[in-house]
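Breakdown of the fold
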Amino acid sequence: MQIINIVDSLAYVQSNCFQHQLYETLSTNVFVKTVELNEFLRSKPKADGYISTLKLRTLATHIEPIATIIGNKKLSVYDQDPWESFRDDGPWKGSYSKIAQLTYATFFVTSRYWADWISKKGLRCHFVPMWVLPKYCIQPSQIEFNNRPIEVGFIGQIHPYRKELFDHLKSKNIHVTTLPSKSSYQEFLTALRTMKIFIHAETLPLMCD
């Protein structure tokens, strides 16, 4: 038996904090082979089943040639942002339905709410819990909480809604130290250990149907 795991690129999955851990786990399975999308479309590998950990926009854009290659085999679609397929103002609205029409697809999402919501739409969808790999929970370089140099910090892109929050906190005499995105998950964890509090904002108004 062989299962093909289709990814945007190895560089992307190895640097993205969620994808990285999924890739690490799948790599321990002797039946799973990870293939970058460009190579997948070129070599057209045949397998007993397929996994897509592609970004939704990548999968939606290339679903026709992907569907031709996999034929009637099962496609398991892992997605971290399922709402992007249902936002009325989103560029990828309707992607799940299109993917399901062209393939025998089951969706796996990291939110129980969205898994239930999508299932009620008549699509095959399951909730998959996501957590930190055990090997990352114990680190020899751990810094004691009181000795961490950054009181309040953030790592990543400063979107306008995040800057608004940080400016508000600054007006309350709470300074947020911001660090740029890291090239690997390990670098992210190392930077995270220098902070007492990691502050994060995700603001996205949603209108569906």
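Up top is the structure.
Now for a quick tour of the structure.

Conventions adopted
Residues numbered from 1 in each chain as written. Predicted model: local features only at pLDDT ≥ 70, side-chain atom pairs only at ≥ 80, totals over all residues. Heavy atoms only, no water. Helix = DSSP H or I, 4+ residues; strand = E, 2+ residues; numbered from the N terminus. Buried < 20%, exposed > 50% of the residue type's maximum accessible area, 1.4 Å probe, protein only. Contact = heavy atoms within 4.5 Å. Areas by Shrake-Rupley, 256 points an atom, 1.4 Å probe, with all protein chains shown as cover. Lys, Arg positive; Asp, Glu negative; His and termini not counted. Charge placed at Lys NZ, Arg CZ, Asp CG, Glu CD. Phe/Tyr/Trp six-rings, centres within 6.5 Å; stacked < 30°, edge-to-face > 60°. Lys NZ or Arg CZ within 6 Å of the ring centre and 35° of its normal. Arc of directions from axis to C-beta. Pairing = 2+ DSSP bridges. Axes fitted to C-alpha atoms, helices over the stretch in contact; angles between N-to-C directions.

**Focus on the overall build of the chain**
Within the chain one finds 9 helices and 9 strands. Taking all 209 residues of the chain together, 39% fall into the buried category. Restricting to contacts in the chain with at least 6 residues of sequence separation, those with at least 24 account for 72%. Accessible area of the chain: about 12,400 Å², with a carbon and sulfur share of 56%. In the chain, 24 positive and 19 negative side-chain charges are present, and the distance between their average locations comes to 3 Å.

**Thoughts on the packing of aromatic side chains**
Taken as a whole, this structure holds 11 aromatic pairs when the rule is applied. Taking 6.0 Å as the distance between ring centres and 80° as the angle between the ring planes, the aromatic pair formed by phenylalanine 40 and tyrosine 50 counts as edge-to-face. Taken as a pair, phenylalanine 40 in helix α3 (residues 37-43) and tyrosine 50 in strand β3 (residues 49-52) lie far apart in primary sequence, 10 residues in all. Look at phenylalanine 154 and phenylalanine 166: their rings are 5.5 Å apart centre to centre, the planes differ by 55°, and that puts the pair in the tilted class. A residue pair is termed long-range when its members are at least 10 positions apart, and phenylalanine 154 in strand β7 (residues 150-155) and phenylalanine 166 in helix α8 (residues 160-171) qualify at 12 residues. Overall, the relative accessible area of 8% leaves phenylalanine 166 in the buried class. Taken together, the ring pairs in this structure connect Trp83, Phe86, Tyr96, Phe107, Tyr113, Trp114 and Trp117 into an aromatic cluster. Above the plane of the ring of tyrosine 12 lies lysine 55, whose end atom (NZ or CZ) is 4.4 Å from the centre.

**Here's the deal with helix α7 (residues 112-120)**
When α7 is considered as a whole, its buried residues turn out to be Trp114, Ala115, Trp117 and Ile118. Along the long axis of α7, the arc covered by the buried residues comes to 165°, so they all point the same way. When the buried face of α7 is taken as reference, the exposed residues oriented beyond 90 degrees from it are Arg112, Tyr113 and Lys120. Just beyond α7, the residue with positive phi is glycine 122, at close to 90°.

**Here we look at the sheet that holds strand β5 (residues 104-109)**
As summarised here, the arrangement of the 6 strands in space is β2-β1-β3-β4-β5-β6, forming an open sheet in which the pairing is parallel. Only two strands of the sheet have a single partner each, and these edge strands are β2 (32-36) and β6 (125-127). Averaged over all neighbouring strand pairs, the angle between strand axes comes to 25°, with direction disregarded. Pairing analysis gives 6 bridges linking strand β4 (residues 74-79) to β5, with the strands arranged parallel. Each bridged residue has a counterpart across the sheet, and for lysine 74 the counterpart in β5 is tyrosine 104. On top of the sheet, helix α2 (residues 17-26) reaches β1 (3-7), β2, β3 and β4; it is set at about 140° to β4, its chief contact. Packing of α7 onto the sheet brings it into contact with β5 and β6, and relative to β6 it is tilted by some 165°.

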